[in-house]
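Observations on the model geometry
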Amino acid sequence: MSAAKHRRTLPGFGLTMGLTLTWLSIIVLIPLAGLVLKTFELSFDQFWTIITSRRTLNALKTSFGLAFLAASVNLIAGMIIVWALTRYRFPGRRIFDAIVDIPFALPTAVAGVALTSLFAQNGWLGAPLAELGIKVAFTPIGIFVAMVFIGIPFVVRTVQPVLQDIDREIEEVSACLGANRWQTIWRVLLPSLLPAMLTGFALAFARAVGEYGSVIFIAGNLPNISEIAPLLIVIRLSEFRYADATAIAVVMLLTSFLVIFAINRIQRWSQSRMVRP
Amino acid sequence: MSAPLPLSPLRSASSSTLTEPRWIRGTIIALAVLFLILLIVLPLVLVFSQAFSRGFAAYLRALVEPEAQAAIRLTILVAGISVGLNLVFGLIAAWAIAKFDFPGKTMLISLVDLPFSVSPVISGLVFVLLFGGQGYFGPWLQSHDIQILFATPGIVLATTFVTFPFVVRALIPLMQEQGTSEEEAAISLGASGLATFFRVTLPNIKWGVLYGVLLCNARAMGEFGAVAVVSGHIRGETNTMPLLVEILYNEYQFMAAFAVASLLALLALITLAAKAILERHLDPNID
Amino acid sequence: MAIEVKNIVKKFGSFAALDGVDLKVADGELLALLGPSGSGKTTLLRIIAGLDWPDAGEVKFDGQDALARGAGERNVGFVFQHYALFRHMSVFENVAFGLRVQPRKIRKTEAQIRARVKELLDLVQLDWLAERYPSQLSGGQRQRIALARALAIEPRILLLDEPFGALDAKVRKELRQWLRTLHEEIHVTSIFVTHDQEEALEVANRVVVMDKGKIEQIGTPGDVYDNPASAFVHGFIGESIVLPVDVQGGQVKLGHKLLNVEAGNAVGPSNLFVRRHDMQIGAVGEGSLEGTVRRVRTFGPIQRADIALSGNDTLVEIDAPRDRPLTAGDAVSLQPRRYRIFAAS
């Protein structure tokens with residue numbers, strides 16, 4: 001009875017798995033494989049020349065550097081927001097909690113034009129900042145601001161559930177054992193939140209590196225100064241320089257895979273460290 | 001000695017070790033609220049304020065422009081097709097992944113997630129490399145006079161790629177949590193596979209399906225980067241609403257740009273509200 | 001319907017959940033599969049139901065190959081441990097489900113379905129809950145609805161996985177009684193899985209004791225209790241005093257002390273199993289074991305005493321009738337009345 005060996009109780013595994021793999025291949029795997037294939041058409045020298053050309057290098061520096069800076073700011077601002085939302089009661093708390101999701105939901109182009117108008121020299125925030133001598137729109141600061149906007153929900157939504165789940169009794173125990181509030185936060189709460197904070201940071205960073213819509217309007221897009229890598233891909237495509245576009249794309253893609261890998265490691269590490277009772 | 005005396009020092013001691021001093025609490029709340037208002041609420045308010053800056057009549061006129069109408073129609077068409085496809089295949093994939101155990105399951109889930117971690121621009125680029133003039137299938141498509149890039153099919157493909165994970169990801173945890181015993185019960189009572197799916201599984205996951213479709217749709221209608229790369233910006237033909245916002249804005253037609261943007265912002269707000277309601281339905285603690 | 005299970009093997013990875021199981025169940029029996037968790041009892045039940053498939057072996061219903069048919073074609077009623085009621089359907093629709101999904105040719109009319117469901121709800125005495133939803137029921141009610149749902153398809157075999165496992169002690173007792181009575185009424189071949197020996201002994205006609213994927217003993221409740229076939233069964237069913245002994249040439253020794261018991265077939269290092277109430281207590285010199293009473297608790301008709309054996313660190317717990325009161329410090333002798341000796345594994 002060899003057929004019986006492989007029978008499953010619920011029907012449809014073969015059919016649904018077949019359809020899933022087919023659909024996944026058509027929409028996701030084959031297109032991405034095309035990108036990989038295109039990369040291998042380049043010799044390493046060609047690839048290296050493209051990547052190390054001044055304009056490409058500057059675009060990558062702008063994207064990665066500002067994304068790192070924005071994710072760091074997100075981490076700090078995000079922790080303040082998470083703390084206020086989960087630990088304190090204040091009027092409008094639930095509304096502010098909902099507002100955090102807006103950067104997730106708002107189409108990037110809308111966010112882009114809105115932020116640009118807001119921070120333009122005659123804008124609601126741009127005008128007072130201009131009086132202080134700070135120019136945001138059409139400078140790298142603008143890119144940074146857009147990246148902070150787009151990244152904030154990642155930190156908040158990753159850390160918030162973890163903080164909510166932490167049993168209040170843990171803090172009470174710590175207090176009973178004589179720890180002051182600062183010691184409780186530093187020695188008891190932060191270590192439990194650290195994996196979620198790192199994950200949130202990594203997610204915000206990855207999103208900011210690849211972000212296009214909310215950044216290009218406010219960026220100014222001056223080559224070597226305020227030009228981000230995704231925009232350079234678009235420009236190269238419009239010039240039909242597919243090889244250049246592909247090379248930049250591969251660098252970005254590898255980075256996001258590295259980030260995913262890092263996140264997986266962080267999560268595995270935190271799971272092995274904190275076995276739930 | 002009167003008994004209640006020790007109470008007040010005790011209480012103040014415990015509150016200082018379990019929460020922060022009043023001024024710190026105040027500062028943290030103020031910082032959080034200020035950050036959210038300046039960076040998130042203000043841009044949103046600005047969209048609507050700019051859209052209505054010349055009155056309601058001008059707002060409506062901007063939206064009935066033929067170009068705006070064409071963009072709205074294309075956006076709805078593209079979202080309809082992409083969401084429909086991702087819904088059907090999302091249900092199929094979720095069944096295969098959540099209800100069965102097989103080697104490589106974690107790997108498959110990561111592959112399904114892949115589009116989430118790819119930059120929108122790259123999501124468009126991969127289709128240009130496949131179907132563009134110098135792409136792998138470009139010459140063949142040209143000789144057969146089939147237009148994918150810079151036309152609706154390309155926009156649909158890029159949108160479907162970008163929104164691929166939404167439905168599956170909404171369903172897998174839900175279906176795994178519900179287990180397979182209800183399905184096994186149905187099968188042992190003589191129900192066929194399809195009857196089991198439609199009568200037992202689907203009613204149990206209907207809120208999850210709606211949740212996935214909602215988020216999938218919001219992203220499909222709002223996608224900018226991927227669509228910008230494959231659309232070719234042909235006015236009145238391959239411009240979706242986000243692309244039209246870009247064009248109008250770059251032409252300094254700010255009021256019209258924000259009028260179209262306001263529709264997309266409204267969609268985002270409705271999506272968030274519906275999401276909040278659905279999350280209440282999906283919360284296992286409230287059954 | 002009669003069930004025959006032959007040489008079933010089922011592996012999960014390298015772990016053998018079932019390792020060559022043979023079992024015959026006669027028509028109309030009420031059989032208990034008893035064993036600790038991981039003994040393979042639920043896996044065996046699921047294989048009979050068609051919810052799992054063995055790696056080797058046969059399952060026959062009235063002589064016909066059951067493995068050739070899927071779960072839906074075996075006409076088996078299965079009651080899941082956590083009931084698996086369809087949470088989006090009313091109680092009525094849950095019970096009606098099996099009738100509604102029948103092929104159109106043999107499907108009953110709506111009126112017939114309604115009548116049948118009503119009949120079943122009457123049988124489980126819950127007709128007043130027809131319009132409720134599973135989440136509004138108590139555990140015991142869910143259990144009975146799950147049973148009614150399984151019975152709706154007029155199964156030839158009824159399988160119950162830990163039927164009382166998720167219920168509190170009082171409801172368990174009531175439902176045990178009720179299941180026995182119900183079985184006498186409908187008389188369908190029934191198998192239930194349990195890890196609770198009391199439940200198995202009280203409800204079933206026959207008990208199958210399982211451990212580590214193998215059947216240890218099959219017999220009536222009296223049989224498995226009085227004549228356990230292995231050390232495992234003796235230890236698992238009823239509470240036992242276990243003393244490590246050495247058997248040489250028909251002589252049984254505890255340490256250096258020769259015991260006045262029959263060695264049976266055991267040779268070498270062995271274990272002596274005695275039920276608590278089978279240890280005869282007497283004055284010093286009357287039995288082959290001696291000790292000092294350490295502590296006594298009295299409840300109901302018995303007194304329970306901890307006795308420290310002399311020349312040995314062992315503390316044994318025995319049950320004695322109350323006609324000969326014991327007090328801490330008494331020197332006593334012990335003599336096993338009924339016992340078994342099994343070679344130490």
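Look up a bit, the structure's there.
A brief structural summary. Here the structure is a predicted model, which is why all the values come from computation and not from measurement.

Parameters and conventions
For every chain, the first residue of its written sequence is number 1, and the numbers climb from 1 along that sequence. Each chain gets a letter, beginning with A, and each ligand a number, beginning with 1, in the order they are written. Where totals are concerned, whole chains, interfaces and linings use all residues; where local detail is concerned, this predicted model gives features only for residues with pLDDT of at least 70, and gives and counts side-chain atom pairs only at 80 or more. Values reported for side chains reflect all heavy atoms of the structure, with hydrogen atoms and water molecules removed beforehand. The helix and strand labels rest on DSSP assignments: H or I over at least four residues marks a helix, E over at least two residues marks a strand, and numbering proceeds from the N terminus. Only protein chains enter the accessibility calculation, which uses a 1.4 Å probe. A residue is then buried if its area is under 20% of the maximum for its type, exposed if over 50%, and partly exposed in between. Using a 1.4 Å probe, the Shrake-Rupley method yields the accessible areas, and only the shown protein chains count as cover for residues. One requirement defines pairing of two strands: DSSP has to find at least two bridges between them. Only heavy atoms matter for contacts: two residues are in contact if any of them lie within 4.5 Å across the pair. In this description, buried area is defined as the sum, over both parts, of the accessible area (probe of 1.4 Å) that is lost when the two are combined. Salt bridge, as used here, is a side-chain nitrogen of Lys or Arg placed within 4 Å of a carboxyl oxygen of Asp or Glu. Lines fitted to C-alpha atoms define the axes, with helix axes restricted to the stretch in contact, and inter-axis angles between N-to-C directions lie between 0 and 180 degrees.

1. Considerations on the overall build of chain C
Broken down by element type, chain C carries 8 helices and 20 strands. Principal-axis analysis of the C-alpha atoms gives chain C an extent of 80 × 45 × 30 Å. Across the 345 residues of chain C, 52% fall into the buried class. Just so you have it, chain C exposes about 15500 Å², and 48% of that area is on carbon and sulfur atoms.

2. As for unusual backbone geometry
A positive phi angle is found at B:Tyr252, which is not glycine, with a value near 65 degrees. Mapped onto the secondary structure, B:Tyr252 falls in the loop between helix 13 (241–250) and helix 14 (254–282).

3. A look at the sheet that holds strand 1 (residues 3–12) of chain C
The pairing of strands in a sheet happens through backbone hydrogen bonds and is either parallel or antiparallel. Residues and elements named next belong to chain C. One open sheet holds the 4 strands; their spatial order is 2-1-4-5, and the pairing between them is antiparallel. Single-partner strands in this sheet number two, and they are strand 2 (15–25) and strand 5 (64–65). As paired elements, strand 1 and strand 4 (residues 56–61) share 5 bridges and run antiparallel to each other. Bridge pairing in strand 4 places Val-9 opposite Ala-56.

4. Quick notes on the interface of chain B and chain A
Facing the 86 residues of chain B at the interface are 85 residues of chain A. Taken together, the two surfaces of chain B and chain A that pack against each other cover about 7400 Å², and 82% of this comes from carbon and sulfur. By the criterion of area lost to chain A, the three top residues of chain B are B:Leu18, B:Ile40 and B:Tyr136, representing 8% of everything that side buries. Taken together, the links from chain B to chain A amount to 2 salt bridges.

5. Some details on the pattern of salt bridges
Under the counting rule described, the total for this entry stands at 45 salt bridges over all chains. A salt bridge links A:Asp101 to B:Lys275, with the nearest nitrogen and oxygen atoms 2.9 Å apart. Here A:Asp101 is found in the loop between helix 5 (93–99) and helix 6 (102–105), whereas its partner B:Lys275 is found in helix 14 on a different chain. Each of the two residues, A:Asp101 as well as B:Lys275, counts as buried.

6. Notes on the sheet that holds strand 17 (residues 302–309) of chain C
Residues and elements named next belong to chain C. One open sheet accounts for 5 strands, arranged 15-19-16-17-18; its pairing is antiparallel. The open sheet has two edge strands, strand 15 (279–282) and strand 18 (315–321), and neither has a second partner. Put simply, the sheet's adjacent strands are angled 45 degrees from each other on average, direction ignored. Here strand 17 runs beside strand 18; their pairing, made up of 7 bridges, is antiparallel.

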